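Letter by letter, the chains look like this.
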Amino acid sequence: MSLAYPELHSRILDLAEGDEQFKEELTKAIHTGLLELQSKYAEGAEKLDATLIQQIRHKIKPTLAMFGFEDIAESLQLGKEILDSRGFVPEFFTHYQELESQVKVAVKEVGELLVAH
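The rules behind these values
- Residues numbered from 1 in each chain as written.
- Predicted model: local features only at pLDDT ≥ 70, side-chain atom pairs only at ≥ 80, totals over all residues.
- Heavy atoms only, no water.
- Phe/Tyr/Trp six-rings, centres within 6.5 Å; stacked < 30°, edge-to-face > 60°.
- Helix = DSSP H or I, 4+ residues; strand = E, 2+ residues; numbered from the N terminus.
- Buried < 20%, exposed > 50% of the residue type's maximum accessible area, 1.4 Å probe, protein only.
- Salt bridge = Lys/Arg side-chain N within 4 Å of Asp/Glu carboxyl O.

### Examining the packing of aromatic side chains
Think of a pair of aromatic rings as described by two things: how far the centres are apart, and how the planes are tilted against each other in angle.
Working step 1: Across all of its chains, the model carries 6 aromatic pairs by this definition.
Working step 2: Ring plane angle 20° and centroid distance 6.1 Å describe the contact between Tyr-41 and Phe-92, whose orientation is recorded as stacked. Residue Tyr-41 is located in helix H2 (residues 20–47), and its partner Phe-92 is located in helix H5 (residues 90–115); the two are separated by 51 residues in the primary sequence.
Working step 3: Here the aromatic rings of Phe-88 and Phe-92 are separated by 5.1 Å at their centres, their planes lie at 80°, and the arrangement is edge-to-face.
Working step 4: A relative accessible area of 26% places Phe-88 in the partly exposed class.
Working step 5: The exposure class of Phe-92 is buried, given its relative accessible area of 0%.
Working step 6: An aromatic cluster of at least three residues, connected via ring pairs, comprises Tyr-41, Phe-88, Phe-92, Phe-93 and Tyr-96.

### What to know about the pattern of salt bridges
Any two side chains of opposite charge can pair, given that their charged atoms come close.
Working step 1: Applying the stated criterion across every chain, the model contains 9 salt bridges.
Working step 2: When the shortest N-O distance is used, the salt bridge between Glu-24 and Lys-28 registers 3.2 Å. One end of the pair, Glu-24, and the other, Lys-28, are both in helix H2, 4 residues apart, so they sit about a helical turn from each other.
Working step 3: Owing to a relative accessible area of 32%, Glu-24 belongs among the partly exposed residues under this scheme.

And the structure:
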C-alpha cells in the first residue's frame with residue numbers, strides 16, 4: 001500500500017471504534033467523496049463553472065480535514081485563490097492537473113483499504 005496518507009487507516013479505525021460495518025461504510029463514503037471531487041472539479045474546469053467547483057470544494061472540505069488529506073485541501077485553496085483573483089487563467093489549469101494527480105493517489109489509497117477488508 002502507498003503511504004501518501006499514513007494516518008488514513010488509523011483515523012478510520014479510531015472513528016469506527018471496532019465496528020467493522022461502519023469502518024467499511026466510512027471508507028466507501030470517503031472513496032465516493034473523492035471520486036465526486038474528481039468528477040465535479042473536472043466538469044467545473046471543462047465548463048469554466050466556478051460555482052460548481054466551489055460547491056464540491058465546500059462539500060469535500062470536512063472529509064479532507066478529518067482524514068488527513070492536507071495536500072488536497074491546500075491545492076483546493078490555491079485553486080480558489082486563483083479563481084477568485086484571476087478566473088480561469090492558464091495557472092488555474094496547471095493547478096487543476098496537479099490536483100487531479102493528488103486526488104488519483106488518494107482514490108487509489110482509499111480503494112486499497114476497501115479491497116483489504
